[in-house]
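# Commentary on secondary and tertiary structure
Spelled out, the chains give:
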Amino acid sequence: MKTKLNKISSVLKSTSAHSAIYSAAVVAILAAPTVSAQQAAPEQAVEVIEVSGIRSSLTSALLEKRESTNLIEVIEAEDIGKLPDQNLAEVLENVTGIQITRTAGVGTGVQIRGSNSNNVLINGVQTVGAGTGRGGISFEDVSASIIAGVEVTKASDAKTIEGSVGGTVNLRTIRPLELSEQLINVRIQGEDSSLTTDGIQPRFSAVYGDNWEVDSGKFGFVLSGSITRQESSSFRPRVDRDGSLVENCDAVVVRSGSVEDVANRPVCQDFDFLGIQFLNQEYENYEYETTNISSTFEFAPNDNTKFFLDVVLTDQERRQDSTRVQGSGVSSVLNQNLPTEFETINFGSLDGVELGSIQAAVRGVVEPDLAKDDDDPNLRFSSDTGARLTDTSLFRFGGEWQGDNLFASFEISSASSDTTNPNLSTTLNFINPHAPLDGLDEDGNITSNTSNDNAVPFIYDLTGGALTFGINFDSPFAPTVAELLDPANVVLDQVDVGRNETNNSLDAARADFSYYLEDSPITSIDFGLRVSKRESTYNQITDRIGGFSKMVDSPSGSLFADILVPGPSNFGDADGRELAMRNFIIVDPDLAFNNPDFVLDTLESALIAHDSSPDLSSLSPSSSAFFSISEETQAIYAQANFEFENVVGNIGVRHLKTTVDSTGNTITDSGSELTTISGDYSYTLPKVNIVFTPHDEVVLRLGWGQDIRRPDFSDLNTSVSFPSNINQSVSIGNPGLEPQEITTLDLSAEWYFTEAAVVSIGYFDKEISNLFVSTLDSSPTDANGFFSTDPSCSGGGIYNPAAQGDDFLAPLGVTGACVDKNTQVNDPAKTTQTGIEMAVQYDLSSFEDDLGWASGFGFMANYTIQEYKGGSTVNSSAGRGTDIFNAINGIYNDADFVTVNAVQGLLDFSENAYNVTAYYEKFGLSARLRYTWREAFRTDDTAGGASRNSTLGFPVYTHDRGQLNASVSYDVNEQLNIGVEAVNLTESDITQSCVNEDAMLCFQGLADRRITFGASYRF
């Protein structure tokens, strides 16, 4: 049984509407007049496309793109619930000009033409996301199995909702009145990840749809749903060499006017070098449980009138049970450990300034030196156990009516997202039985000065492009495996508890009209209006127990041994590394998630048993972090559609006015006070799209238009959140941020030389004003690498009263320090982005008589090359980076230091990317092999909580990366299909360098391979 979807002429299709809940619109819909069959407009041509199989879906998508008057890209499902990939972000990666970013190997972010600033719609309704951003619902929250097609608009028209820099993504569900027969389909699958230990994760999806002719008209109903479980993992080792400068023996090092004694660096050489400052082995693990329900009801009382109701509900539980094993305090013995092997690091150039080269450690050991530091380097075990629990809903109700010369549609919609972020993360410090504790009394007993960590030896090997390290078991200080797993040898250092809340909503109402003209080059006039109200509220509800620095405050693991389990031991599975930290214990992450109250009670009981006046949790909303932002927009548009011989197109204008109220807490000495800052702005956005068809097979397009992108809500807030993590920068909101202004030009040529075949090339040019850029006001460090604790922060940064020392950026026990300050600002200079997109698609089906079975082959390929210029807001080297860059130039007196600056420009932007897909479809067999590659790009997405302070002050470079995916399925009969899909077949890893590509290797991401197999049955 095949399912057929009718593609109705675009003249009769209403634009997807987004509307808020206003009763007047409802009345207008219900009161819309109907017309008799004699009065109805002439029946339009209907082209029926059978959507079943790769070739049919490609044919359908190409036809829709070819007939569109503006530049779009379309992906149709090969069958019900069967888009090319399991993940929607990875589906979009098939589109020319789109690259994606991944979290633990799963596609989560989409860049259209190098921009993350895109709109996501469902059936034309603007959606809201789980966080405080603008893009809409996350692709990981919507199962691809409920989506019938994806449309990407690159060149918008006046009807298109404003707010996108790269493009607009519209996720389309099945329309019941377009079904030609009853639809019942069930799919059962299982997915297995190569790096997880929980086994096969199940997936289930089903859809039912039908329509009926009754006396009062035609009814249609579709209900689809899915329940998906998924586990994804990646290993992300991190090695910091940024704050590890060892100056040469002849260097006269002056800090704050004082000359440092060369005797303080006994391992100095006749050259400067970078040693090891910090080691972090992160196991990034996410477990997803996603429930999606999509329902559509349509009623057409006659051929000219239709009403519809769409409901989309999602329930997302994204659970994190990641671990971090850290070698901290390593820099304390920096000058006491001489690496056994070095490499030359060339930092390249920034903004035309050559930064030069320096030697850096790549192999060696980090041995404790008790004479220099009696408790460092130390070993810590952290369990990052948190979650994102998100309930989203979307309701869309409306109708459309076709008269003799007038088409009208009305719509109201409501989208909402409620998110809670439960968190119960813990850090344990390892107490090494082979290293003495400090601060003991004369009888060897613990005193109030005894630190809650002590020395552990490490070994590292950074050769071969891999960041490998572990415990140096050849050292006399080395613990045994049994000792590493003994609860009596760990103490509780800190517990982070949280339940942050984010609530987003968007209510809208719109009305759209088309008036048709006869015997005129202007075929119709479109006009309409849209009003919307959008709100975002954030409550930070967190607390930290501990951040202890002394043994007298830190209960032994033997007091809570019942909730301790061995940590993951498979860190070498991704690349076969032998050197890793495999033996450690953590608080049971499953228990922390499933029964957090029990875990917290157990830890607090241990604290009470250890200390009569312990630090216990006290969860309450933070007044300093709360914000609530309300935004109201009114938009009107008018657009003329024209057709003259072989030229069609439209020209129009969209005008909008937005009012914003940003409410936050102003903190003073006398307490906090709610303050609201209001503002408004208006824009008029012209749009032009022209399509010229000089030949039946050739389509030439021109698109030009202007748009805006509003700031994220978190960037507009007037409150300040102070995290307890001293390594985390403090973000300062900027309610004065203005929207970005974007002017886009598109030129393209498409040659449809046979059915389901095309060769195309396009050029785009984007000019962006008021680009959002992140500025970092770095807090300097002293000779020990510590932040200042002076509240005035005269050297830079911002004073964070909640920051707790970690023996890395401040001594343990310190509370309050000057930390990095991060702010979003508008770049006053314009940024220009240009690119060329090329694509080809072809199959051999027309050569069946000549090729036989080989005629089932086909291929698709696309290539995007782009660049950007301009911008003026700069990133500046952090204190550690400034030390290194000046040392390279022989400057060792901080009074003479020169700061390195570089224009930030666009992040997550690859200049080159391509996608090649080969497929085979014949005799019931369907197979696909896809290779995707993107060039290096700069990003702030790093491992292990790293900030720009630890990446020398600049975004890191993610190196070139390719990924191979494959799928194969077989139709056992007309009802039953079986198949298997593979993501990241070659287990391609991610490599990141500081400052420039191939400069200093800082981070790795070793991703998993995921195999999904299953069967679907159509009744």
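Since this is a predicted model, take the numbers as computed values, not measurements.

What follows covers the pattern of salt bridges. Counted under the stated rule, the structure contains 57 salt bridges. One salt bridge connects E78 with R928, and the closest N-O pair in it is separated by 1.8 Å. With E78 in the loop between β3 (72–76) and α3 (88–92) and R928 in strand β48 (residues 925–934), the pair connects residues that are 850 residues apart, well separated along the chain. This pair shows no difference in class: E78 is buried, exactly as R928 is. With its nearest N and O atoms 3.1 Å apart, the salt bridge here joins E162 to R710. In this pair, E162 is assigned in the loop between β8 (149–153) and β9 (168–172) and R710 in the loop between β35 (698–709) and α7 (713–716), connecting sequence segments 548 residues apart. Given a relative accessible area of 8%, R710 falls into the buried group. Members of the salt-bridge network, linked through shared partners, are R175, E298, K306, D310, R396, E400 and E411.

Moving on to helix α9 (residues 879–888). Across the 10 residues of α9, seven count as buried, placing the element largely inside the fold. Buried within α9 are the following residues: R880, G881, T882, I884, F885, N886 and A887. On its buried face, α9 sits against β13 (245–246), β16 (273–274) and β22 (357–366). One or two positions beyond α9, positive phi appears at G890, with a value near 75 degrees.

Two faces make up the sheet, and in a regular strand the side chains alternate between them. Among the seven residues of strand β5 (residues 106–112), six are classified as buried, and the element is accordingly described as predominantly covered. A loop of two residues connects strand β4 (residues 98–103) with β5, the two strands running antiparallel in sequence, and A104 in this loop sits at a positive phi of about 50 degrees.

Moving on to the side chain of Q320. Along the chain, the position of Q320 falls in strand β18 (residues 305–328). Those residues in contact with Q320, other than ones at most four positions away along the chain, are N285, Y286, D384, T385, G386 and A387.

Another point: the packing of aromatic side chains. The full count for this structure, using the stated rule, is 23 aromatic pairs. Between F381 and F430 the ring centres are 6.2 Å apart and the planes differ by 40 degrees, which places this aromatic pair in the tilted class. You can see F381 sitting in strand β23 (residues 378–402) and its partner F430 sitting in strand β24 (residues 406–430), a full 49 residues away along the chain. Accessibility assignment for this pair places F381 and F430 in one class, buried. When the ring of F410 is compared with that of F513, the centres are 5.5 Å apart and the planes differ by 85 degrees; the resulting orientation is edge-to-face. Here F410 is found in strand β24, whereas its partner F513 is found in strand β27 (residues 490–516), with 103 residues between them in sequence. Looking at F410, the relative accessible area reads 17%, which means it is buried. Here the guanidinium or amino end of R134 rests over the ring plane of F713, the centre of that ring lying 4.1 Å away. The ring of F923 has K922 sitting right over it, with the charged end atom 5.6 Å from the ring centre.

Quick look at unusual backbone geometry now. Residues D376 and P377 are joined by a peptide bond in cis, for which omega reads -5 degrees. Of note in this structure, A104 is not a glycine but carries a positive phi near 50 degrees. Within the secondary structure, A104 is located in the loop between β4 and β5. Judged by its relative accessible area of 3%, A104 is buried. Located in the positive-phi region is D998, a residue other than glycine, with phi close to 65 degrees. Structurally, the position occupied by D998 is in the loop between β53 (989–994) and β54 (1000–1007). Classification of D998 by relative accessible area gives exposed; the value is 56%.

This brings us to the nonpolar core. One broad trend across soluble globular proteins is that nonpolar side chains are buried collectively. Of all hydrophobic cores here, the largest spans 43 residues; its most connected members are I276, L379, F381, V495 and F560. If you list the elements that add at least two residues to this core, you get β22, β23, β24, β25 (458–461), β26 (468–471), β27, β31 (585–587) and α6 (596–610). In terms of residue count, α6 provides more of this core than any other element does, five residues in total. Contacts of V495, omitting those with residues within four sequence positions, involve L424, S425, T426, D543, R544, I545, L600 and L603.

Turning our eyes to something else, we now look at the sheet that holds β9. Reading across the sheet, the five strands line up as β3-β8-β9-β6-β7 and stay open at both edges, with mixed pairing between neighbours. Of all strands in the sheet, those with a lone pairing partner are β3 and β7 (125–126), marking the two edges. Pairing of strand β6 (residues 119–122) with β9 involves four bridges; the strand directions are parallel. If you follow L121 over to β9, its bridge partner there is N170. Each of β3, β8 and β9 is contacted by helix α2 (residues 54–67), which is oriented at about 155 degrees to β3, the strand it contacts most.

Here we come to the pairing of β27. With 21 of 27 residues buried, β27 is to be regarded as a mostly interior element. As paired strands, β24 and β27 are joined by 25 bridges and run antiparallel to one another. If you follow E411 over to β27, its bridge partner there is R510. Relative to strand β29 (residues 542–546), β27 runs antiparallel, the two sharing five bridges. From the neighbouring strand, V495 faces β29, where its bridge partner is I545. Where β27 lies against strand β28 (residues 522–539), 16 bridges are found, and the strand directions are antiparallel. Pairing of D507 across the sheet is with K533, part of β28. Linking two consecutive strands that pair antiparallel, namely β27 and β28, is a turn of five residues; a positive phi of about 55 degrees is found at D519 within it.

Moving on to the state of the cysteines. Linking two cysteines covalently through their sulfur atoms gives a disulfide. Counted according to the given criterion, the structure contains three disulfides. A sulfur-sulfur distance of 2.1 Å marks the disulfide that ties C249 to C268. The sign of the 110 degrees torsion about the S-S bond sets the C249-C268 disulfide as right-handed. You can see C249 sitting in the loop between β13 and β14 (254–255) and its partner C268 sitting in the loop between β15 (258–259) and β16, a full 19 residues away along the chain. Residue class for C249 comes out partly exposed when judged on its relative accessible area of 32%. With a relative accessible area of 11%, C268 lands in the buried category. With its sulfur 2.1 Å from that of its partner, C793 forms a disulfide with C818.

Taken together, three strands build an open sheet; the order of strands is β36-β42-β39 and the sheet is mixed. Edge positions in the sheet fall to β36 (730–732) and β39 (772–777), since each of these pairs with one other strand and no more. Pairs of neighbouring strands in the sheet enclose a mean axial angle of 30 degrees, with direction left out of account.

A few words now on the side chain of T392. Within the fold, T392 resides in strand β23. Among the residues examined, T392 registers a relative accessible area of 8% and is labelled buried.

What follows covers the confidence of the model for the protein. Residues with a pLDDT of 70 or more make up 93% of the protein, whose mean pLDDT is 89. Below pLDDT 50 for its whole length, residues 1–51 participates in 131 contacts with residues either more than four positions away or in separate chains.

The next subject is a nonpolar patch on the surface. A cluster of nonpolar side chains, I690, L702, W704, L747, I761, Y763, I836, M838, Y863 and I865, forms an exposed patch at the surface whose accessible area comes to about 740 Å². If you list the elements that add at least two residues to the nonpolar patch, you get β35, β38 (757–769), β43 (831–843) and β44 (857–870). Mapped onto the elements, L747 comes out in strand β37 (residues 740–754).

Here we come to the environment of F204. With respect to the secondary-structure elements, F204 resides in strand β11 (residues 201–214). On the basis of relative accessible area, F204 is assigned to the partly exposed category, the value being 39%. Considering only alpha carbons, one finds F204 and V186, 18 residues apart in sequence, at a separation of 7.7 Å. Not counting residues within four places of it along the chain, the set of residues in contact with F204 comprises V186, R187, I188, G225, S226 and I227.

Calculation notes
Residues numbered from 1 in each chain as written. Predicted model: local features only at pLDDT ≥ 70, side-chain atom pairs only at ≥ 80, totals over all residues. Heavy atoms only, no water. Salt bridge = Lys/Arg side-chain N within 4 Å of Asp/Glu carboxyl O. Helix = DSSP H or I, 4+ residues; strand = E, 2+ residues; numbered from the N terminus. Buried < 20%, exposed > 50% of the residue type's maximum accessible area, 1.4 Å probe, protein only. Contact = heavy atoms within 4.5 Å. Pairing = 2+ DSSP bridges. Phe/Tyr/Trp six-rings, centres within 6.5 Å; stacked < 30°, edge-to-face > 60°. Lys NZ or Arg CZ within 6 Å of the ring centre and 35° of its normal. Core = buried A, V, L, I, M, F, W, Y, C linked by side-chain atoms within 4.5 Å. Axes fitted to C-alpha atoms, helices over the stretch in contact; angles between N-to-C directions. Disulfide = S-S within 2.5 Å. pLDDT = per-residue confidence, 0-100. Patch = residues over 30% accessible without salt bridge, like charges linked within 9 Å, V, L, I, M, F, W, Y side chains within 5 Å. Areas by Shrake-Rupley, 256 points an atom, 1.4 Å probe, with all protein chains shown as cover.

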